[in-house]
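Each chain, written out:
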Amino acid sequence: MKYKFVIGANYGDEGKGLCCDELTKKEVKEGRKVLNVLFNGGPQRAHTVSSYFYGDHIFHHFGSGTLSGADTYFHEEFIVNPMIFVDEFNELMNIGVKPKVFIHSNCRFITPFDMMANQIIELGYSKNDKHGTCGQGIWNTICRYDDPESIKYSFLEFCRMDPDEKYSYLRDIKYYYESKVLKDIPAEYIGPWNSDSLLFHYIMDTNTMYSRLTLVHEEYIESGYQTIIYEAGQGLAIDFDADPIFATPSYTGSKRAIQVLKHKGVKDEDIEVYYVTRTYFTRHGAGPLPTEVSSVKIIDKTINFDSRGIGQAGMTINNAIIKQKVPTNFVLGSRLCRPASRPA
């Protein structure tokens, strides 16, 4: 069995999805079955792939090798979002692709309250400092799971609750944010924050996602595959160890995953690491960006600045300003620069 890692060498937006898709095509063409492992972050990633047969697709919740025949595995460190999963699953089905997906039993999951709290904090309605985020709830979900006083379940544990238990747990999360995190709920969020309909539809999405998963014990998921491709979200320059202030709250490199593989007895010659980069950098949100430019025209046929976006969800370019759009129209700026040197 061969293991391949696709790692972003910059701040993100390097083209990890394209690289992952090309590796999958090669492996499938040579008769090997591919498992695409999402091993960090969550569906805030947006990896664009262009396919002759299926057109363009931006991958958030599925491996970027999906259009070329790879199956997807949500690693223990990947955080799932049932709402985004269901939307993307339906998008893929509509173009004739039925993804096969596995999940680790310990996967954490994002709720509407994590997402709304994440966005409210960035607007300044918090008892804590804002972090600098895409507003999709990743950071707040991690903090909530790490809080010893919060009640938490894995996604599979939640799915196996009865309906009353699910409603109760979601309301506990709502109260958690009201009592410990948020100092106020802005007017535009009061409706969805108190909506029973939102809870109902969220629970329906969790049920749908659960029904689309292939449930296999972690020990046996890799059996039947000849190639395992680990696809990172974000880039090395914002790894949790690289930047203690403006980091993404995950480990974006291959080091920790390779340590696990070595512990399992995988040999060096069976591991390959691909570092993906571009001749310019982009960075979302807060944090330093050396040699940043305020206006530039880029002509790059390997990336698209149109409606299908690049690197992050719904990103477009307009008057040389890149902006990121996330659910509920929460917008965070992205900056562009020419590289002065390779990032650490």
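Residues numbered from 1 in each chain as written. Predicted model: local features only at pLDDT ≥ 70, side-chain atom pairs only at ≥ 80, totals over all residues. Heavy atoms only, no water.

Student: I'd like to hear about the environment of Asp270, residue by residue, with values.
Tutor: Following the sequence through the fold, Asp270 ends up in the loop between helix 9 (255-263) and strand 8 (271-276). Residues within four places of Asp270 in sequence aside, it is in contact with Met1, Lys2 and Tyr3. One polar contact links Asp270 to Lys2, side chain to side chain, over a distance of 2.9 Å. (Helix = DSSP H or I, 4+ residues; strand = E, 2+ residues; numbered from the N terminus. Contact = heavy atoms within 4.5 Å. Polar contact = N/O pair within 3.5 Å; in protein donor to acceptor, adjacent residues only side chain to side chain.)

Student: Outline the pairing of strand 5 (residues 71-74), listing residues and values.
Tutor: Side chains Asp71 and Tyr73 of strand 5 all project onto a buried face; the interleaved residues Thr72 and Phe74 project onto the opposite face, where all are buried too. Relative to strand 5, strand 2 (residues 34-38) runs parallel, the two being bridged by 4 bridges. Within the sheet, the bridge partner assigned to Asn36 lies in strand 5 and is Thr72. Examined bridge by bridge, strand 5 and strand 6 (residues 101-103) share 3 bridges and lie parallel to one another. Note on strand 6: the bridge partner recorded for Thr72 is Val101. Chirality of the crossover, the property in question, places the unit of strand 5, helix 2 (residues 82-94) and strand 6 among those that are right-handed. (Buried < 20%, exposed > 50% of the residue type's maximum accessible area, 1.4 Å probe, protein only. Pairing = 2+ DSSP bridges. Right-handed = clockwise from strand over helix to strand, strands pointing away.)

Student: So what about helix 9? Which residues, and what values?
Tutor: Here helix 9 has its buried residues at Ala257, Ile258 and Leu261. Viewed end-on, helix 9 has its buried residues packed into an arc of 95°, placing them on one side of the element. Seen from the open side of helix 9, the exposed residues pointing more than 90 degrees away from its buried face are Lys255, Val260 and His263. Trailing helix 9 by a residue or two, Gly265 shows a phi angle of about 95°, which is positive. (Arc of directions from axis to C-beta.)

Student: Describe the layout of surface pockets, with residues and values.
Tutor: Put simply, the largest pocket is a space of about 680 Å³. Counting residues per element, the ones that place at least two in the lining of the largest pocket are helix 4 (138-146) and helix 9. Considering each element in turn, the lining of the largest pocket owes the most residues, 4 residues, to helix 9. The class makeup of the residues in the lining of the largest pocket is 14 nonpolar, 7 polar and 9 charged. (1 Å grid on protein atoms, 1.4 Å probe; cavity = no way out; pocket = protein on both sides within 12 Å on 5 of 7 lines; lining within 4 Å. Points joined across faces, edges and corners; volume = space filled by probe spheres on them. Nonpolar A, V, L, I, M, F, W, Y, C, P; charged D, E, K, R; others polar.)

Student: Would you mind going over the pairing of strand 4 (residues 55-59) in detail, with residue names and values included?
Tutor: Bridging between strand 3 (residues 47-51) and strand 4 involves 5 bridges; their strand directions are antiparallel. Following the sheet pairing, His47 is matched in strand 4 by Phe59. Hairpin connection, strand 3 to strand 4: the antiparallel pair is bridged by 3 residues.

Student: Tell me about the nonpolar core, residues and numbers included.
Tutor: Burial of nonpolar side chains together is a common tendency in soluble globular proteins. Counting 49 residues, the largest nonpolar core has Phe74, Phe85, Phe155, Tyr177, Leu182 and Leu213 as the members making the most contacts within it. What Tyr177 contacts, discounting residues up to four positions off in sequence, is Phe113, Asp114, Ala117, Asn140, Thr141, Arg144, Leu182 and Trp193. Listed in part, the 18 residues of the second largest apolar core include Ile7, Val37, Tyr225 and Val266. (Core = buried A, V, L, I, M, F, W, Y, C linked by side-chain atoms within 4.5 Å.)

Student: Run through a nonpolar patch on the surface, naming residues and quoting values.
Tutor: A surface patch of nonpolar side chains, amounting to about 530 Å² of accessible area, comprises Tyr52, Phe53, Tyr54 and Ile95. Relative to the helices and strands, Tyr52 is located in the loop between strand 3 and strand 4. (Patch = residues over 30% accessible without salt bridge, like charges linked within 9 Å, V, L, I, M, F, W, Y side chains within 5 Å. Areas by Shrake-Rupley, 256 points an atom, 1.4 Å probe, with all protein chains shown as cover. Salt bridge = Lys/Arg side-chain N within 4 Å of Asp/Glu carboxyl O.)

Student: I'd love a proper account of the sheet that holds strand 5, names of residues and values included.
Tutor: Here we have 6 strands laid out as an open sheet, ordered 6-5-2-7-1-8, and parallel in their pairing. The open sheet terminates on both sides in strands that have one partner only, identified here as strand 6 and strand 8. Going across the sheet, the axis of each strand differs from the next one's by a mean of 20°, ignoring polarity. (Axes fitted to C-alpha atoms, helices over the stretch in contact; angles between N-to-C directions.)

Student: Quick one: what's the story with the pattern of salt bridges, residue by residue and with numbers?
Tutor: Counted according to the given criterion, the structure contains 17 salt bridges. The partner of Arg171 in a salt bridge is Asp196, and the shortest N-O contact between them spans 3.4 Å. Placement of the pair is Arg171 in helix 6 (residues 163-180) and Asp196 in helix 8 (residues 196-212), with a sequence separation of 25 residues. Among the residues examined, Arg171 registers a relative accessible area of 40% and is labelled partly exposed. Note on Asp196: relative accessible area 48%, which makes it partly exposed. Through salt bridges that share partners, Lys4, Lys26, Glu27, Glu30, Arg32 and Glu272 make up one connected network.

Student: Would you mind going over the packing of helix 2 against helix 8 in detail, with residue names and values included?
Tutor: One way to put it is that helix 2 packs onto helix 8 with a least axis distance of 8 Å and a crossing angle of 60°. Regarding the angle of helix 2 to helix 8, the classification is oblique. Regarding helix 2 and helix 8, the two cross each other, and that crossing is left-handed. The residues of helix 8 that touch helix 2, namely those facing Pro82, Met83, Phe85, Val86 and Phe89, are Tyr202, Asp205, Thr206, Thr208, Met209 and Arg212. (Parallel < 35°, antiparallel > 145°, perpendicular 65-115°, else oblique. Left-handed = near helix turned anticlockwise from the far one by under 90°.)

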